Amino acid sequence: MNALKKFKDFIVDLFGFKKNPKYVRNYFHEANIRSSIYMAAIIIVLEIWMIIRQFVKHVGKFLSYDSVKYKAFHEAGFTKSQFFDYYYNKWGYSGHFEYVFNSISFYLLFIIAAVAVLVYAISFIKKNAYTKTKKYDIASIIVSVLCILWIFMLIPQKIPTDNIGKWTTILMYIAIFVLGVAIFISTMYSSFILKAKNLLSVIVITSFAALCLIFGLKIGYSDFAHTADNLDKYYMITCFLTMVIFVTCLLIWKPYISILMNITIFIIFDYMLQSFDGREFLEGDRVNYITFLVSLTMIAISIYQQRIREANKDMNLEYIANYDELTSINNFHNFCKEILKHQKLDHNSIVGHIYLFLNIENFKTYNDKRTFEFGDGLLKSIGLAIKEEFKDGITARQGDDHFVVFTKNEDLENHINNISEKLRMYDNELKLILKVGSYIPELNEKPNRAVDKARYACGMCKNRFDKNYAIYDYQMDSNYHKRQYIINNLDNAIKNGWIVPYYQPVVFSDTKKLCGVEALVRWIDPTYGFIYPSEFIPVLEDYRLIHKLDSCLWEQVCKDLNESLANNKPIVPVSLNFSRLDFELMDAFAVIDGLIKKYNIDKRFIHVEITESALTDNVSKLNDTINQLRAEGYAVWLDDFGSGYSSLNVLKDYTFDVVKIDMKFLSNFEGNQKAKDILNSVIDLSNKLGMKTLTEGVETAEQAKFLKEIGCLRLQGYLFGKPMPKEELYKTIFDGKLIISEVLEK
Ligand code: C2E
Ligand code: MG
Ligand code: MG
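Below is a short write-up of the structure.

### Remarks on helix α25 (residues 701-709)
Every buried residue of α25 is accounted for by Q703, A704, F706 and L707. Looking straight down α25, one finds its buried side chains confined to an arc of 165°; they lie on one side. Relative to its buried face, α25 has exposed residues pointing more than 90 degrees away, namely A701, K705 and E709. Phi turns positive one or two residues past the end of α25, at G711, with a value near 95°.

Structure (structure tokens):
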């Protein structure tokens, strides 16, 4: 049973009975269209050659005849004009040319058909590549109309009387007529080519193939007939054989079609040769023909099999290049490509359309809590839901939990609500929320830029409970440009010294004496002026450029320390902020270690601050680097403790020298006993775990007093000084407003 099934599958594959996937069908179709360009070109050249032959034969005959006659006339004493009068009356020049024209009109018809196919095929290929083809369209229409007109001009005079001649001619006319009409319709309504795509072009190719085969039959037969009275010459049916090879090998038919087509055409030819009474069709020749037919069929099958393998390979590669592996919807590359194609064909095709950027908030938590497999499942089903919801638009996954859509700007709220609802149903407990940013593109705006703006708008909804949808607007536009400016000018800023460290004092809670400073970056820009880290750090993190800024700032801090030492100024330890990405994008340990060696600075003067949110991502490389830093003698501080969702986990999993308690704990401090209790517990807990504490954002004396009482060791905040340039810090110290602690560690 199994063997039978295998055999059946083998036959189905061998003869091409299986329906191929759309991609493979298109692949074959485009290959056939390309081949018909070569076929048409060869036919044009061959027919021009035939026409030249006819001219040389007839006009040459006429001229030689003419000169001989003229000589005779001249010798008989007639004048030249008398000769022409006589000659014209007797033969008529026009009659002679008509003869020549008649004998080439058939070739001309074939040439026109070939030109029509050529122009049409080029235009088809260009349209497939989404290139405008106005010139080719006009040419296609002209030539297709010419094909049709030519037939109507020739029909009355050019149909031979003998049976075979008559039918081959009529069939040729029909093939050309169908060809002309198919080209005309599919060019006039060129959207057909893109939508109902292949039908009309299949007709064009098939009628062209039929034309070639009938031409082969006709000329093959007439060559056979013409050589009938001259048995020295062989049969001269090469034209038939050439045309069959031409059509079978250049165009790729499914094997069973090739077989049927070749058998039919050979039977017809066999019949034609037999029915000619001028000469006998020998049995031995038939054997040769059958051998030829079988070989040709084998070639056709082998070409088909080879091509189908290529097509399948191509399909897989194309799939990998254009589709997202996880969700099997478009990837971003294909998304942009599709939009650009439409834009290229028609600028106005994007009018009334909008870009959406969709982000699943809390996806990371979902992934952590429910495992990666579930996370993947979620992305898959949301990807498909988005694709389904925006059927008429173009959708894609842009990586992570980000999706993009290009669609008509209609009924958006409904669509978005439907997807949000699906997401909500997916996991009620973890509160997955869909955040969407939208952007209406300008004409000719590149898709990746437009998506970037939609994404920017989406970013405006981040962590906001009251906002799930944002439209990119004028205000965002100016912020967006600032953001682009930051990305494009980071290198400039580094090179030109626009990146500078500001230092904020850190004091001991008991003595209020200076025990360190935190280096906080500032971008002092010639165009935008003073830019705060909140404006550029998230941007640089988004674009994975933050490590450039950080290493630049660290170097400046080391340089400042080195200068102070050289000038015999007092120094205190400096805390440097490390972004999570610093550990991913560079060897953070090697960079800082290299710098302190370069500037000859003691490790005790550098504290590494890592923000709590960096640690929730479970990055093992980060953990390794933290351990390495501590092992090498750097103090590592936990920044913004209490600002994230899994603060206690962080305390459990990592060890720090100092915990910096987030300034959020101090908001609503006055009269809020709960806040005080929490702070008390946090400090207690840290102490128990062997970590010292620092509270940020201390603004009032009352806060400072309380923090001292509950055992917080260090304090930082506006009460003791805002972040300031190095010179100002030294001025404050020299003015006695800040006193450096005698001991720097407690
Ligand atoms: P952070 O490291 O937690 O820094 C403390 C922030 O709180 C600073 O804001 C500081 O100016 C502000 N601050 C200090 N005391 C008070 C106070 O009493 N009241 C109030 N309201 N604010 C206070 P800044 O300088 O704008 O920095 C913001 C954040 O940007 C920093 O938070 C840090 O996460 C990041 N950052 C700053 N410099 C760098 C850097 O060089 N590299 C990296 N990767 N991030 C940096
Ligand atoms: Mg910090
Ligand atoms: Mg902080």
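### Looking at the coordination of the magnesium ion (ligand 3)
Protein coordination at the magnesium ion (ligand 3) comes from D639 (OD), D640 (OD), E696 (OE) and E696 (OE), with a distance range of 2.1 to 2.4 Å. For the magnesium ion (ligand 3), all donor residues lie on one chain, and their spacing in sequence is D-D-x55-E.

### With respect to the coordination of the magnesium ion (ligand 2)
Surrounding the magnesium ion (ligand 2) are the protein donor atoms E518 (OE), N577 (OD1), E609 (OE) and D639 (OD), at 2.1 to 2.2 Å. Mapped onto the sequence, the residues coordinating the magnesium ion (ligand 2) show the spacing E-x58-N-x31-E-x29-D. The metal-metal distance between the magnesium ion (ligand 2) and the magnesium ion (ligand 3) is 3.9 Å, with D639 serving as a donor to both. Residue E609 is located in strand β11 (residues 606-611), and its partner D639 is located in strand β12 (residues 635-641); the two are separated by 30 residues in the primary sequence. Comparing E609 with D639 shows no difference in burial state: the two are buried.

### Looking at the site of ligand 1
Lining the immediate environment of ligand 1, one finds 22 residues, of which Q504, E518, D550, E699 and Y718 sit closest. Taking D640, its side chain carries an N or O atom lying 3.0 Å from an oxygen atom of ligand 1. Elements supplying a minimum of two residues to the shell around ligand 1: β8 (514-525), α17 (533-542), α18 (546-566) and β12. Sorting elements by how many residues they give to the shell around ligand 1 places β8 first, with four residues. Residue classes in the shell around ligand 1 are distributed as nine nonpolar, five polar and eight charged.

### Some details on the nonpolar core
The biggest cluster of nonpolar side chains holds 81 residues, and the ones touching the most others in it are W523, L576, F578, I610, L615, L679 and L707. At eight residues, α18 tops the list of elements feeding residues into this core. For I610, the residues in contact, after removing those within four places along its chain, are F578, F583, L615, I626, V636, W637, L638 and D639.

### Here we look at unusual backbone geometry
Here the phi dihedral of N362 falls at roughly 80°; this positive angle occurs in a residue that is not glycine. A positive phi angle is found at D411, which is not glycine, with a value near 55°. Relative to the helices and strands, D411 is located in the loop between β4 (402-408) and α14 (412-426).

### Brief notes about the packing of helix α8 (residues 198-226) against helix α10 (residues 255-275)
Relative orientation of the contacting elements α8 and α10 amounts to 25°, with a least axis distance of 11 Å. Classified by the angle their axes make, α8 and α10 are roughly parallel. For the pair α8 and α10, the sense of crossing is right-handed. Contact with α8, carried on its side by L213, L217, G220, Y221 and F224, involves M261, I265, I268, F269, M272 and L273 of α10 and no other residues of that element. By residue class, the composition of the contact of α8 with α10 is 10 nonpolar, one polar and no charged.

### Description of the pattern of salt bridges
One pass over the structure, following the stated rule, counts 36 salt bridges. In this structure, K731 engages D735 in a salt bridge whose closest nitrogen and oxygen atoms are separated by 3.2 Å. The partly exposed category is assigned to D735, whose relative accessible area is 43%. It is possible to trace a salt-bridge network through shared partners that takes in D452, R483 and D542.

### Looking at the sheet that holds strand β3 (residues 394-397)
Pairing in this open sheet of six strands is mixed, and the strands run β1-β3-β4-β2-β5-β6 from one edge to the other. Across the chains shown, the open sheet's two edge strands, defined by having one partner strand only, are β1 (330-331) and β6 (469-471). Inspection of the sheet shows β1 paired to β3 by two bridges, in the parallel sense. Among the inter-strand pairings, N331 is bridged to a residue of β3, identified as R397.

About the thresholds
Residues numbered from 1 in each chain as written. Chains lettered and ligands numbered in written order. Predicted model: local features only at pLDDT ≥ 70, side-chain atom pairs only at ≥ 80, totals over all residues. Heavy atoms only, no water. Buried < 20%, exposed > 50% of the residue type's maximum accessible area, 1.4 Å probe, protein only. Helix = DSSP H or I, 4+ residues; strand = E, 2+ residues; numbered from the N terminus. Arc of directions from axis to C-beta. Donors = N, O, S within 2.8 Å, 3.2 Å for Na, K, Ca; no water. Near = heavy atom within 4 Å. Polar contact = N/O pair within 3.5 Å; in protein donor to acceptor, adjacent residues only side chain to side chain. Nonpolar A, V, L, I, M, F, W, Y, C, P; charged D, E, K, R; others polar. Core = buried A, V, L, I, M, F, W, Y, C linked by side-chain atoms within 4.5 Å. Contact = heavy atoms within 4.5 Å. Axes fitted to C-alpha atoms, helices over the stretch in contact; angles between N-to-C directions. Parallel < 35°, antiparallel > 145°, perpendicular 65-115°, else oblique. Left-handed = near helix turned anticlockwise from the far one by under 90°. Salt bridge = Lys/Arg side-chain N within 4 Å of Asp/Glu carboxyl O. Pairing = 2+ DSSP bridges.

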